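Below, each chain spelled out in residue letters.
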Amino acid sequence: MAADSGGFEREPFLMFQSSDERRLDLGLRLGFLDSVERPLLPPPPCVEVLPSKVSESVKYTVEEVDLGSVKLLKGQVRTQDVFSLSNSDLVPGKYEGGLKLWEGSIDLVKTLESEACTGNLSFEGKRVLELGCGHGLPGIFTCIKGASAVHFQDFNQEVLRCLTIPNVRTNLPEQFQPMRSNAASSEGSPEIRFFAGDWSDVNSILPLAQGDPPAGYDVILMAETVYSITALPKLYRLIKMCLSQPDGVVYMAGKKHYFGVGGGTRWFLSLVEKDGAMASSLVTEVADGSSNVREVWKLCCKSI
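Quick caveat, the model's predicted, so the values are computed rather than measured.

Colleague: What is the right way to look at the nonpolar core in this model?
Modeller: Nonpolar side chains in soluble globular proteins generally cluster together in the buried interior. Core analysis: the largest hydrophobic core is formed by 36 residues, its most contacted members being Leu-108, Leu-112, Phe-152, Val-168, Ile-192, Phe-194 and Tyr-251. If we ignore the near neighbours within four places in the chain, the residues touching Leu-108 are Pro-138, Leu-221, Met-222, Ala-223, Tyr-251, Ala-253 and Val-296. Counting 35 residues, the second largest nonpolar core, distinct from the first, contains Phe-195, Met-222, Ala-231 and Leu-271.

Colleague: Honestly, unusual backbone geometry in this entry has me stumped. Any pointers?
Modeller: When glycine is set aside, most residues are seen to have a negative phi, and most peptide bonds are trans. Here the amide bond leading from Asp-212 into Pro-213 is cis, since omega sits at 0°, within 30 degrees of zero. As for its placement among the helices and strands, Pro-213 is situated in the loop between β6 (191–196) and β7 (219–223). Residue Pro-246 is bonded to the preceding Gln-245 through a cis peptide linkage, with omega at 0°. As for its position among the elements, Pro-246 is in the loop between α6 (232–242) and β8 (249–255). Although it is not a glycine, Glu-224 adopts a positive phi angle of roughly 60°. Mapped onto the elements of the fold, Glu-224 is located in the loop between β7 and α6. Look at Glu-224 and you get buried, because its relative accessible area is 3%.

Colleague: Looking at this structure, how should I read the pattern of salt bridges?
Modeller: Pairs may arise between side chains of opposite charge once their charged atoms sit close together. Throughout the structure, instances matching the rule amount to 12 salt bridges. The partner of Arg-294 in a salt bridge is Glu-103, and the shortest N-O contact between them spans 3.4 Å. In this pair, Arg-294 is assigned in strand β10 (residues 294–301) and Glu-103 in helix α3 (residues 103–117), connecting sequence segments 191 residues apart. Exposure remark for Arg-294: the relative accessible area of 8% places this residue in the buried category. The partly exposed category is assigned to Glu-103, whose relative accessible area is 35%. Through salt bridges with shared partners, a single network forms among Glu-103, Asp-107, Glu-224, Lys-255 and Arg-294.

Criteria and cut-off values
Residues numbered from 1 in each chain as written. Predicted model: local features only at pLDDT ≥ 70, side-chain atom pairs only at ≥ 80, totals over all residues. Heavy atoms only, no water. Core = buried A, V, L, I, M, F, W, Y, C linked by side-chain atoms within 4.5 Å. Buried < 20%, exposed > 50% of the residue type's maximum accessible area, 1.4 Å probe, protein only. Contact = heavy atoms within 4.5 Å. Helix = DSSP H or I, 4+ residues; strand = E, 2+ residues; numbered from the N terminus. Salt bridge = Lys/Arg side-chain N within 4 Å of Asp/Glu carboxyl O.

This is the structure in structure tokens:
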């Protein structure tokens, strides 16, 4: 995630108008989506991070996040302590902003609560995947609401070890029964697991993305994951590989445009529209005038 440096955006979204946009369009059609721009560093290996590998050397503090009727705890660690980086929200290929709690995560939790309250969504017994989880607040919320399995994914192992796992443990002291193997979770407790790796190949270790066809996840959550234009195609491919068919749903929270970075919710939706396999609907819009417009979208498979 990269910091937003822009203000309120009132211009209508136009698909594939700039030269950069035409390059992405060409990549989408010719199949070399990820070669438009190469990361400076190769991605880290994909691994499952066991709760027993939580970092004990990094200082972890906690404060409450008020989400209306829901109150969750937000862990805090210093980027300097984890990555030896100071005052940095993003270093492509090394650190993707997972230690910061972004606005989209808060928007997503509030939207999920609203969807559950109105009967549009139930997490009872559902298998959930949170992509680019960071603090993991949306995934933690689904645990509280009865999900049977919640898998957290982040680019960095360090984020999972130093922040996500401690945050899950802090918010779910009774429900969190750490998995150390593929054995079934304890009765009444969700299966909670953690996976690190790049979106290009992390599906190779996600349990519910295996098999032909894979079982898939009933709900996929992601907040502030659509800021990098060149990462959007592999993110979309991952979603299609991991989503349960035909009833799985995706909730995506993010800024309409990420100024200075180039991505945004409308960039991602343009890929969805061009592919034609999924339908999208706007669930929440936050336009408070103090920052860029933020949105939460729902995606689902189109009926055949």
